[in-house]
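Residues per chain are reported as follows:
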Amino acid sequence: MSPSPKPLLATLQGQKQPIPPVWLMRQAGRYLPEYRALRAEKGGFLALVNDSEASAEVTLQPIRRFGMDGAILFSDILVVPMALGQDLWFETGEGPRLAPVVQARAALEGLEAAPGALEPVYETVRRVVAALPSGTTFLGFAGSPWTVATYMIAGQGSREQSEARRLAYRDPVLMRDLIDRIETCTIDYLLGQIAAGVEAVQLFDSWSGSLSPVQFEQWVIAPTARIIAALKAKAPQVPVIGFPKGAGGKLPAYARETGVDAVGVDETVDPAWAHVSLPAGLPVQGNLDPLALIAGGVVLDEAVDRILAAFTDRPHVFNLGHGIQQDTPIAHVEQLLARVRGER
Ligand code: 1CP
């Protein structure tokens, strides 16, 4: 297969670019005034996600404003539990809530993927494809089963994912059943996004960092490997980025054992260590501290330069180590892009 002319897609295919392509996790979101205006008009986050025309518009906002190399589908990892039949809502000023919480067999039995539940997302994908600039790579995504399970089990974001970790020890059979249901739905969901037109996908494992090495093997590496094998069987040309946030010293095992085409690295990882520890030639994505982006100035320039220097000898996608924060100045995003692209 000849490499894509799109810099981000080519990088994910293993072709190092003279200037690393850039996109930012959560680049479509609350730090953008045009996002806040559209969310207010639609009446909230979930209304936005369920409106394909508005979601396509939000996906394209950071492309228009900054010319990012990648557009990430605007949706959320929690649409998978919603499709499985768990009620999802957002508590204003707090965050997502899911019911019923899954702590026992009875709550689990009812959870089956509803046909067509994710159709609005595929419609968003088709609308974005029709409007995307020719050099921009379109990324789909899903949460990894472990991270999605932590929300299904606690009913909301949780400290140290304690409820899910306790359940995994107390009843590993139930946990495996839950993970399997999420996994099956996630495979269908990502294949649906691919059929609708995304060119690469990212698996967000935001809470993989709280697991012990043995539990990490069981609940992060194994399900991720099964998802990737299933995707590769149907769509071998579509690169998969795995982002096991907080994995730290477990990153090399994750990179070797899951079959990911690229690995996302969070800001707590020394990029020089990541370069020597990860398989040679494997594309990496990351890993600017979102708070260095907020700080701006010389701090930001130096942090960008350190990351660029560490990854000069392998395919590198420039990104943050986690999502961009709401109070990030837009001028600092412009500064970051100029620095990566050698314009300042
Ligand atoms: O406008 C608002 O108030 C909603 C904020 C918001 C946004 C912009 C949420 C609620 N989700 C999103 C979009 C989103 N979420 C995207 C869109 C594309 C982009 O990156 O621009 C993506 C990829 C996600 C992924 C996501 N959702 C993750 C994984 C990445 C991460 O940040 O760790 C997680 C954990 C979620 C759950 C979620 N959704 C929203 C919130 C506030 C949360 C976190 C809740 C918590 O842990 O308490």
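Residues numbered from 1 in each chain as written. Predicted model: local features only at pLDDT ≥ 70, side-chain atom pairs only at ≥ 80, totals over all residues. Heavy atoms only, no water.

### Considerations on the sheet that holds strand β6 (residues 240-244)
Backbone hydrogen bonds hold the strands of a sheet together, and the pairing may be parallel or antiparallel.
So, point 1. Spatially, 7 strands are ordered β1-β4-β5-β6-β7-β8-β9 in an open sheet, and the strand pairing comes out parallel. Edge positions in the sheet fall to β1 (70-72) and β9 (316-320), since each of these pairs with one other strand and no more. Across the sheet, the axes of successive neighbouring strands diverge by a mean angle of 25 degrees, strand direction being ignored.
So, point 2. Of the strand pairs in this sheet, β6 and strand β7 (residues 262-264) are connected by 2 bridges, and their pairing is parallel. Counted as the bridge partner of G242 is V263 from β7.
So, point 3. Each of β4 (137-143) and β5 (200-205) touches helix α10 (residues 172-196); the most contacted strand, β4, lies at about 165 degrees to it. (Pairing = 2+ DSSP bridges. Helix = DSSP H or I, 4+ residues; strand = E, 2+ residues; numbered from the N terminus. Axes fitted to C-alpha atoms, helices over the stretch in contact; angles between N-to-C directions. Contact = heavy atoms within 4.5 Å.)

### Examining the environment of E91
So, point 1. Secondary-structure assignment places E91 in strand β2 (residues 87-91).
So, point 2. With 82 residues separating them along the chain, E91 and L9 place their C-alpha atoms 37 Å apart.
So, point 3. Within polar-contact distance, the side chain of E91 engages the side chain of W89 at 3.0 Å. (Polar contact = N/O pair within 3.5 Å; in protein donor to acceptor, adjacent residues only side chain to side chain.)

### With respect to the site of the ligand
So, point 1. The full set close to the ligand counts 22 residues, and Y35, R39, D76, Y151 and S206 are the nearest of them.
So, point 2. At 2.7 Å from an oxygen atom of the ligand is found a main-chain nitrogen or oxygen belonging to R26.
So, point 3. Starting from 900 Å² of accessible surface for the ligand in isolation, the protein chains cover 88%.
So, point 4. A majority-of-atoms criterion places the ligand in the largest pocket.
So, point 5. Residues belonging to the shell around the ligand are distributed by class as follows: 13 nonpolar, 5 polar and 4 charged. (Near = heavy atom within 4 Å. Areas by Shrake-Rupley, 256 points an atom, 1.4 Å probe, with all protein chains shown as cover. 1 Å grid on protein atoms, 1.4 Å probe; cavity = no way out; pocket = protein on both sides within 12 Å on 5 of 7 lines; lining within 4 Å. Sits in = over half its atoms within 2 Å of the grid points. Nonpolar A, V, L, I, M, F, W, Y, C, P; charged D, E, K, R; others polar.)

### Here's the deal with the layout of surface pockets
So, point 1. Approximately 1,400 Å³ is the volume attributed to the largest pocket.
So, point 2. In terms of lining residues, the largest pocket is bounded by 42 residues, among which R26, R30, D76, F90 and P96 are the most central.
So, point 3. Broken down by secondary-structure element, the contributors of at least two residues to the lining of the largest pocket are α2 (33-42), α3 (45-49), β2, β3 (95-99) and α8 (145-154).
So, point 4. With 3 residues, β3 is the largest single contributor of residues to the lining of the largest pocket.
So, point 5. Here the residues of the lining of the largest pocket are counted per class, giving 20 nonpolar, 14 polar and 8 charged. (Points joined across faces, edges and corners; volume = space filled by probe spheres on them.)

### Observations concerning helix α7 (residues 119-131)
So, point 1. An ideal rise of 1.5 Å per residue puts 18 Å on 13 residues; α7 measures up with 19 Å between its terminal C-alpha atoms.
So, point 2. Turning to α7, its buried residues are V121, Y122, T124, V125 and V128. Across the axial projection of α7, the buried residues extend over an arc of 150 degrees, all falling on one side.
So, point 3. Of the surrounding secondary structure, the elements contacted by the buried residues of α7 are α4 (52-66), β4 and α10. (Expected span 1.5 Å × (residues − 1). Buried < 20%, exposed > 50% of the residue type's maximum accessible area, 1.4 Å probe, protein only. Arc of directions from axis to C-beta.)

### Here's the deal with the packing of aromatic side chains
In this description, a pair of aromatic rings is defined by centroid distance and the angle of the planes.
So, point 1. Counted by the stated rule, this structure contains 7 aromatic pairs.
So, point 2. Taking 4.8 Å as the distance between ring centres and 70 degrees as the angle between the ring planes, the aromatic pair formed by F45 and F90 counts as edge-to-face. One end of the pair, F45, is in helix α3; the other, F90, is in strand β2, and 45 residues separate them in sequence.
So, point 3. Exposure remark for F45: the relative accessible area of 16% places this residue in the buried category.
So, point 4. Taking 5.5 Å as the distance between ring centres and 85 degrees as the angle between the ring planes, the aromatic pair formed by F141 and F204 counts as edge-to-face. Taken together, the residues F141 in strand β4 and F204 in strand β5 connect sequence positions 63 residues apart. The same class applies to F141 and to F204, which are both buried.
So, point 5. An aromatic cluster is defined as three or more aromatic residues linked by ring pairs; in this entry it consists of Y35, F45, F74 and F90.
So, point 6. Above the face of the F216 ring, K250 is positioned so that its terminal group lies 5.3 Å from the ring centre. (Phe/Tyr/Trp six-rings, centres within 6.5 Å; stacked < 30°, edge-to-face > 60°. Lys NZ or Arg CZ within 6 Å of the ring centre and 35° of its normal.)

### With respect to unusual backbone geometry
So, point 1. Residues A99 and P100 are joined by a peptide bond in cis, for which omega reads -5 degrees.
So, point 2. If you trace the backbone, P100 turns up in the loop between β3 and α6 (105-109).
So, point 3. Residue N287 follows G286 across a cis peptide bond; omega there is -15 degrees.
So, point 4. Note on placement: N287 falls in strand β8 (residues 284-288).
So, point 5. One non-glycine residue, R26, lies in positive phi territory at about 60 degrees.
So, point 6. Take R26: its relative accessible area is 53%, and that puts it in the exposed class.
So, point 7. Unusually for a residue other than glycine, Q161 sits at a positive phi of about 50 degrees.
So, point 8. Relative to the helices and strands, Q161 resides in the loop between α8 and α9 (162-170).

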